[in-house]
Amino acid sequence: MKKLISLVALASLGLGLVAASPAADLVAAQKARIAAFKAAPKKRPHVAFVSNGVADFWTIAKAGAIAAGKDKSINCDVTVEFPGGGLSDQKRMLEDLVIKGIDGISVSPIDPTNQTDVLNLVAEKSLLITNDSDAPKAPRLCYIGMDNYDAGLMCGKLAREGCKGGKVAIFIGRLEQDNAKRRRQGFIDGLLGRTPDATRYDEPSKVLTEAGYTIVGTWTDSFDRAKAKANIEDVMIKNPDLALMTGLFEYNSTLAVEVIKQQGKQGKVQLAAFDEGADVIAAIKEGFVLGTVVQDPYGYGFESVKVLNAFCKGDMSMVPANGMISIPARVIKKDNAEAFWKDLKAKIKAGKEGGSKDAK
Amino acid sequence: MKKALGIIGIFTAIFIVASVFGENFLTGINLMQLTQRASLYSILALGASLVIVTGGIDLSIGSVVCLSGIMTPWLLVEKEWTPMQVIPTVLAVSAFIGLCHGLLITKLRLQPFLVTLCGLLLYRGLARWLTGDQSQGFQGEFEGVRSIALAKFAIPGIENYRIPSTVIPAIVLAVAIGLFLSRTVWGRWLLATGRNESAARYSGVPTARLVTLSYVACSLLAGFGGMLFIFDIGSAQPSDFGNFYELYAIAAAVLGGCSLRGGEASVIGVLFGAATLQVLRNTITLVGLSSQLEFAVIGTVLLVGVAADELIRRFSARRLERLGART
């Protein structure tokens, strides 16, 4: 009889676990806290913006976050953190911010699937939103950024316009991140002219031959630039008839430009780039890079702080039903490269002048 | 030379496999690029071998590569210094780092592991702070000074292969270090220090000065290597540039015949050690293996190679013993 009772108890516990998803509970709990802020809004919230690494891209985002903190209509304290040591560093920073009693955090999770614990912790003790790279299964209140699949699609279409067929190689820093996977898949679907489907996934090690293109592979480098450069050189050796390549992280495109120039392959190997590396923009202006797909990191930073501040005042009206606040990517080609570059330099300058990671 | 035979064997085996199975492996441009990469890593490995010879270790090589590599474009582009000012400054900073390591190890008697581990954190932190975490690059300029690492020299009669300029410092340094270790009193003293520091000291060898010198040389070469790396790559991000390069340098030195216990070195072995790692990485791409398998393949091939080398040595030693017993 005792055994039977234990079994029933275990079964009901199991059913209970299945029925109540912790993520849904944590979202509900955060919404309840926001509702409570309506009656007693935080006077001057302190919010944080956490990147997924260190790059110029994040300096621009920092400029946006700090500008939002200083904006008269927002007016809150902002802390910006750039984890330089990968996943463990980001975890430590998030935990420290929670300990500090931060009111809300916007984070670009490096590996959302395996960061459940720390993201749950943030949601439990603070308010969690994501930027740049989403964590759809985490208890985040919204995602601010572009759809990386759509951005990849734009890059793929740019490549398709400029290169009508042949061998194609993909270079990317790492594939663990949600944004990297989606961006790569978007690129493939856009290049091959497939019907868009963000749930599709082509294995990185598989050679794809479709619609006149042969995607010879995807190479990662774990952010080692010497390795990233060697990857490009080696793939060009293995495939002397390579028609097109894409670098899906900023430095992949910059190094691709470097290798193309060093090997005198301007115009012979096409490049569809991603992000706003100085050499890439210069190469677009010179005419040997098809174009680049750029995000709006300034917007990510600004909107993150604006949204978290609103939450601390009890306002959730700016979050659409699908939970995504879209800041679309755009394509930079020869005709708009100069204007884009001037605007970007001004934003980087503002980010640098932001100085310390805590802006008040 | 005997110590290098193992790594030369491993290198030859990988080279043959790559030539047979690797698409376009034996093309001039691929061999040229491989020579370039092997030379760059050799410079770091030669520095590491000088410290390993003394029984020490330098874990800060990657961070010194980062600091010098980041400082070079930062001073040239942001601070508008001339190359004639930048190169000596960066080299002096690197040598000073080595001097600090040496003095902390010999005068304060701190563990080399600890000193250089702290250095690993310190110099990367400095590089990040100096540049505000911004990636640093030459922005399409300074082609002249970059040609120190990018120039290629034609060989009469050979069309597709040109010798990369980085070969010159690598060879010059290898010859100099080889002669220093085998033909000079100081070199022999350095080896003696690594074999048994106390015995060497009681024999009147200035061990503290030699150990300090080895750390200065190691950091100087890491700084020089970092500068060549950045000239080659064009831009770098302070948070990740040079990450784990100390491991490549140490691995190349140890594979090449340097004993981690000190007192043993083989310059030719170190060059082959550095080249083996680069040929292996290149082979993985050209053979068409998944890039995710890279570290697994490198680890397996090296482990099998080193184990086979050790077994062959033991077998030969036993055979010689048996032959000796018979006569």
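In this text, all values refer to a predicted model and were calculated from it rather than measured experimentally. Counting starts from 1 at the beginning of each chain's written sequence and moves along it residue by residue. Lettering for chains starts from A, numbering for ligands starts from 1, and both go in the order in which the items are written. Totals for whole chains, interfaces and linings use all residues, but because this is a predicted model, local features are given only for residues with pLDDT of at least 70 and pairs of side-chain atoms are given and counted only at 80 or more.

Draft legend 1. Expanded view of the packing of helix α2 (residues 28-53) of chain B against helix α11 (residues 245-255) of chain B. Residues and elements named next belong to chain B. Note on geometry: axes are C-alpha line fits, over the in-contact stretch for helices, and angles between N-to-C directions span 0 to 180 degrees. Helical segments are the DSSP runs of H or I of at least four residues, strand segments are the runs of E of at least two, and each set is numbered from the N terminus. Between α2 and α11, whose axes approach to 8 Å, the crossing angle comes to 70°. The angle between α2 and α11 falls in the class roughly perpendicular. The interaxial crossing formed by α2 with α11 has right-handed handedness. Counted together, Tyr 41, Leu 44, Ala 45, Gly 47, Ala 48, Ser 49 and Ile 52 of α2 and Tyr 245, Tyr 248, Ala 249, Ile 250, Ala 252 and Ala 253 of α11 form the full contact between these two elements. Gly is put with the polar residues, along with every residue not named as nonpolar or charged; the nonpolar set is Ala, Val, Leu, Ile, Met, Phe, Trp, Tyr, Cys and Pro, and the charged set is Asp, Glu, Lys and Arg. Taken together, the residues of the contact of α2 with α11 break down into eleven nonpolar, two polar and no charged. Oblique is the label for any angle not covered by the other classes, which are roughly parallel (under 35 degrees), roughly antiparallel (over 145) and roughly perpendicular (65 to 115). Take the far helix as your reference; a near helix turned counterclockwise from it by less than a right angle gives a left-handed crossing, and one turned clockwise gives a right-handed crossing. Note that contacts rest on C-beta atoms placed from the backbone: two residues are in contact if these are within 7 Å.

Draft legend 2. Representation of the pairing of strand β10 (residues 270-274) of chain A in the model. All names here are of chain A. The element β10 is largely enclosed, with a buried count of five among its five residues. Partly exposed residues are those falling between the two cut-offs: more than 12 but fewer than 20 other C-beta atoms within 10 Å of their own, whereas 20 or more means buried and 12 or fewer means exposed, with C-beta atoms placed from the backbone. With burial as the criterion, each face of β10 is covered, one bearing Gln 270, Ala 272 and Phe 274 and the other bearing Leu 271 and Ala 273. When DSSP finds two or more bridges between two strands, those strands count as paired. As defined by bridge partners, strand β9 (residues 242-247) adjoins β10 across four bridges and the pair is classed as parallel. When the sheet's bridge partners are listed, Thr 246 is paired in β10 with Ala 272. After leaving β9, the chain enters helix α9 (residues 250-262) and then returns to the sheet as β10, a path that is right-handed. By the bridge criterion, three bridges tie β10 to strand β11 (residues 291-294) in an arrangement that is parallel. Note on β11: the bridge partner recorded for Phe 274 is Val 293. The crossover handedness rule: strands pointing away from the viewer, path from first strand over the helix to second strand clockwise, crossover right-handed.

Draft legend 3. View of the packing of helix α7 (residues 167-183) of chain B against helix α8 (residues 185-195) of chain B. All names here are of chain B. Look at α7 against α8: their axes get within 5 Å of each other, and the N-to-C directions meet at 80°. In terms of orientation, α7 lies roughly perpendicular with respect to α8. Along the contact surface, α7 presents Phe 180, Leu 181, Ser 182 and Arg 183, while α8 presents Trp 186, Gly 187, Leu 190 and Leu 191. Split by residue class, the contact of α7 with α8 holds five nonpolar, two polar and one charged.

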